[in-house]
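Structure at a glance
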Amino acid sequence: MSQTSQGAPAEAVARCAELVQQLNHHSKLYYLLDQPEIPDAEYDRLFRELQTLERDYPTLKTASSPTQRVGAETLSEFSSVTHEMPMLSLDNAFSEADMLGFEKRIRDRLKISDDIEFACEPKFDGIAVSLLYRNGELIRGATRGDGSSGEDITLNVRTIGSIPLHLNNASVPAVLEVRGEIFMPKSGFAKLNLRAAERGEKTFVNPRNAAAGSLRQLDPSITASRPLVMCAYSVGYVEGELPETHSGILQLLGDWGFVVSDERRVVTGVAACLDYFQMMQKRRPALAYDIDGIVFKVNSLELQQQLGFVSRAPRWAIAHKFPAQEEMTRINDVEFQVGRTGAITPVARLEPVFVGGVTVSNATLHNRDEIERLGVRIGDTVIIRRAGDVIPQVVAVVASKRPKDSVSIEFPELCPICSSPVERVEGEAAVRCSGGLICGAQRKEAIKHFVSRKALDVDGLGDKLVEQLVDQELVHEVADLYQLSTEVLTGLERMGPKSAANLVAALEQSKTTTLPRFLYSLGVREVGEATARALALHFGSIARIAEASDIDLQAVPDVGPVVARYVVEFFQQARNRAAITALQAAGVNWPEQEPKQQQDEIQALPLSGQTFVLTGSLEVLTRDQAKEKLLALGAKVSGSVSAKTDCVVAGPGAGSKLVKAEQLNLKVMDEAEFIQFLAELN
Ligand code: 5U1
């Protein structure tokens, strides 16, 4: 076997180089593009092979080997380091007018009227860092700090897979400072918090805090265990040649092995900048990571130089911010809402705050467990998050702002609506009003559910109208809806004769329905659309469902003991049976079928017996369309992932459900694969 100058056999040297190259390549695919080509186990196998080679031939081990990211050293504190060139900050734009002002200032200063070329890219919601390379070797990583000096986090940044330890390219400058943002992708954040919650540990408020907390670790092995990514967006001090444009620098950084944003574009003129901003605002929920705006930079370095700076902010760049998704506000009070099933939900009444593009005055606190988890009190300043169309959440209490007179949140002993005793069911987080349909709140919610789109679908009967009908004692139970006349309805607020006549017609039309819809409309606990459909298919008639025992019910796919008990208890109650009789007497009707015939139909469907979960955003199909297609093929569509799930369809932005699917090793499809799969079945 031939020996090399490194004292190792030539085969070992070659294999070692190949493994380093492969591991760097796969780690880039994993961190940079979120598109791993090989399973984690295969990556681990390559990694272990390299470790073994390096142990057998220590001369092959270099500081930039993928095995050398986590050293044995831990720190007692971070030391301070001075950046070779100060780290700049960015001026902000919050409107189109601000952006037009930005362009005008540039034109005036350069005395030009032509459209300017801008490099655009997302503004990552993470932690700004500076990396120093000498002769291509990473020698230092530092936080931004005050812009002139920051904390030395070299040991930690070395553990981040997307940060090259060595730049293996002839064109790399002798000294190079690379600036960028370290962030935690949304899926990694969901996974980290899921693990923390399972262990009863404190969870992170958002991916940014998780990234900051992960970087500020004195023990680098903790940083190494966190899913962090760095995206490079500029350079600082450079001893060497650079291209003439910012986009050229980004291209070069990418060639040298850094992650640079795939979303980056070069556009001409501020109107095109605004189009890009709008486009990215739409894409924002589907991105794998949080962004809080768009950065626009004059692309020509020559023009950048001419424009210069005002204090620490360059005149040639601006951050156009999206409306913030998180804001601070105060909890003025907590009130308790009673839902359809009697569940009592604490709702925080907030000092109104503009967040995620709307003014928010209320946020649910879910239940007693959530209040305990947050440690929240009335009077607290809290962080409210509203991302996309998701309902506003209280994500954390700002402990330092707690006033002396804050008040603890006490659950009521009696229902706030009907004064019936409140009960806490063993093993459930919710507390419930025991009043049933005596409770006005439960009656209102039951009626709203009965007329909703997926139930009897009564057009024109909105929540406000239902509240008036109950408050004015015109409707006591659902069947009373069918006694309403145009004359009675015309007397109500904001109800003219035409709307009243339309509503009476809509009620009449709703009488002809289907068994699954009717069953769903009754609002039996835990009987959602899919379970109602399964029960209807299995039993074929309401009478057979009403008579079914726990055991009979559990023969229905995906009906377990809990749901079976709720169904039995519902039909045992005389008032529920009376409500059904009254509805049938009012003319509500549906076709019934023999159960056997329907069993045969279910068995004949290609996806019968299979459970699908849809998560993340779908771009071609709507969620409802995807669900309809699955149901029509006999599948069940569930809202949660479990070992019983057969397949998870995951679009961009999928979070904890995708994580759980991966943990359980379930089949996962993206939307394109799903559409192909449906096409093959049809
Ligand atoms: N994407 C991006 N984020 N960001 C932040 N580019 C960018 N540029 C920055 C900052 C502070 O500063 C430049 C002036 C280098």
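Conventions and cut-offs
- Counting from 1, residues in each chain are numbered in the order their sequence is written.
- Confidence filtering applies because this is a predicted model: local features only for residues at pLDDT of at least 70, side-chain atom pairs given and counted only at 80 or more, and all residues used for totals across whole chains, interfaces and linings.
- Note that water and hydrogens are dropped before the side-chain values are worked out from all heavy atoms of the structure.
- Under the scheme used here, helices are H or I runs from DSSP no shorter than 4 residues and strands are E runs no shorter than 2 residues, and both carry numbers assigned from the N terminus.
- Relative accessible area decides the class of each residue, using a 1.4 Å probe on protein chains only: under 20% of the type maximum gives buried, over 50% gives exposed, and in between gives partly exposed.
- By the convention used here, residues are in contact when the closest approach between their heavy atoms is within 4.5 Å.
- Here the open area of atoms and residues is found with the Shrake-Rupley method and a 1.4 Å probe, where only the protein chains shown may cover a residue.
- Positive charges are assigned to Lys and Arg, negative charges to Asp and Glu, while His and the chain termini are left out of the count.
- The atom standing in for a charge is NZ when the residue is Lys, CZ when it is Arg, CG when it is Asp and CD when it is Glu.
- Buried Ala, Val, Leu, Ile, Met, Phe, Trp, Tyr and Cys residues form a nonpolar core when they are joined through side-chain atoms within 4.5 Å.
- Only protein atoms enter the 1 Å grid, on which a cavity is a set of points fitting a 1.4 Å probe that cannot get out and a pocket is an open set with protein on both sides within 12 Å along at least 5 of 7 lines, lining residues being those with an atom within 4 Å of a point.
- Grid points are joined across faces, edges and corners, and a volume is the space filled by probe spheres set on the points.
- Polar here means any residue other than Ala, Val, Leu, Ile, Met, Phe, Trp, Tyr, Cys and Pro, which are nonpolar, and Asp, Glu, Lys and Arg, which are charged; Gly is therefore polar.
- Nearness is judged by heavy atoms alone; a residue qualifies as near a molecule or strand once a single heavy atom is within 4 Å of it.
- Polar contact is defined as a pair of N or O atoms within 3.5 Å, subject to the rule that within protein one atom must be able to donate a hydrogen and the other to accept it, and that residues adjacent in sequence are counted only when both atoms are side-chain atoms.
- Just to be clear on terms, a salt bridge is a Lys or Arg side-chain nitrogen sitting within 4 Å of an Asp or Glu carboxyl oxygen.
- One requirement defines pairing of two strands: DSSP has to find at least two bridges between them.
- A fitted line through C-alpha atoms serves as each axis, taken over the contacting stretch for helices, and the angle formed by two N-to-C directions is quoted from 0 to 180°.

**Overview of the overall build of the chain**
For the chain, the helix and strand inventory stands at 25 helices and 24 strands. Summarising its shape, the C-alpha atoms of the chain cover approximately 95 × 70 × 55 Å along the three principal directions. The buried share of the chain, taken over its 682 residues, is 47%. Sequence-distant contacts, at least 24 apart, represent 66% of the contacts inside the chain between residues at least 6 apart. Split by element, the accessible area of the chain, about 33,200 Å² in all, is 50% carbon and sulfur. Separation between the mean location of the 73 positive side-chain charges and that of the 90 negative ones in the chain comes to 2 Å.

**Examining the nonpolar core**
Grouped together as the largest cluster of nonpolar side chains are 54 residues, with contacts concentrated most on Leu-461, Leu-481, Leu-535 and Phe-571. Broken down by secondary-structure element, the contributors of at least two residues to this core are helix 12 (440–451), helix 13 (463–471), helix 15 (497–510), helix 16 (515–521), helix 17 (529–539), helix 18 (542–547), helix 20 (561–572) and helix 21 (574–585). Considering every element that reaches this core, the biggest residue donor is helix 20, with six residues. In this structure, Leu-461 is in contact with Val-451, Val-466, Leu-469, Leu-481, Leu-503 and Leu-507, ignoring residues within four places of it in sequence. Counting residues in hydrophobic clusters, the runner-up holds 34 residues, among them Ile-153, Leu-228, Val-238 and Ile-249.

**Comments concerning the layout of surface pockets**
Of the pockets and cavities examined, the second largest pocket occupies roughly 1,700 Å³. Taken together, the elements giving at least two residues each to the lining of the second largest pocket come down to helix 5 (186–198), helix 6 (207–215), helix 11 (368–374), strand 18 (393–397) and helix 24 (656–663). Per-element tally for the lining of the second largest pocket: the top contributor is helix 5, with six residues. Looking at the lining of the second largest pocket residue by residue, the class counts come to 18 nonpolar, 15 polar and 12 charged.

**Here we look at the site of the ligand**
Inspection of the region around the ligand gives Leu-88, Leu-90, Glu-121, Pro-122, Tyr-233, Ser-234, Val-295, Lys-297, Pro-314 and Trp-316 as its neighbouring residues. Residue Lys-297 places a side-chain N or O atom 3.0 Å away from a nitrogen atom belonging to the ligand. Tallied by class, residues from the shell around the ligand come to seven nonpolar, one polar and two charged.

**A word on the pattern of salt bridges**
Within the structure shown, the criterion is met by 28 salt bridges. Measuring nitrogen to oxygen at the nearest pair gives 3.5 Å for the salt bridge that ties Asp-369 to Arg-424. Separated by 55 residues along the polypeptide, Asp-369 in helix 11 and Arg-424 in strand 19 (residues 422–424) bring together distant segments of the chain. On the basis of relative accessibility, which here comes to 39%, the residue Asp-369 falls in the partly exposed class. The class for Arg-424 is partly exposed, based on a relative accessible area of 42%. The salt bridge partner of Arg-402 is Asp-380, with a shortest N-O separation of 2.7 Å.

**Thoughts on unusual backbone geometry**
What is expected of a backbone is that most residues other than glycine have negative phi and most peptide bonds are trans. A positive phi angle is found at His-366, which is not glycine, with a value near 65°. The residue His-366 is located in the loop between strand 16 (358–364) and helix 11 in this model. Positive phi, normally seen in glycine, also occurs at Glu-526, with a value near 65°. Here Glu-526 shows up in the loop between helix 16 and helix 17. When its relative accessible area of 53% is taken as the criterion, Glu-526 is described as exposed.

**Focus on the sheet that holds strand 9 (residues 265–268)**
The strand order 2-13-10-3-9 describes an open sheet built from five strands, whose pairing is mixed. Sheet topology places strand 2 (92–93) and strand 9 at the edges, where each strand pairs with a single neighbour. Pairing analysis gives two bridges linking strand 2 to strand 13 (residues 317–321), with the strands arranged parallel. Following the sheet pairing, Ala-93 is matched in strand 13 by His-320. Of the strands in this sheet, strand 3 (117–124), strand 9 and strand 10 (291–298) touch helix 8 (residues 246–255), which is tilted by about 50° from strand 3. Relative to strand 10, helix 9 (residues 270–283) is tilted by about 160°, and along the sheet it contacts strand 3, strand 9, strand 10 and strand 13.

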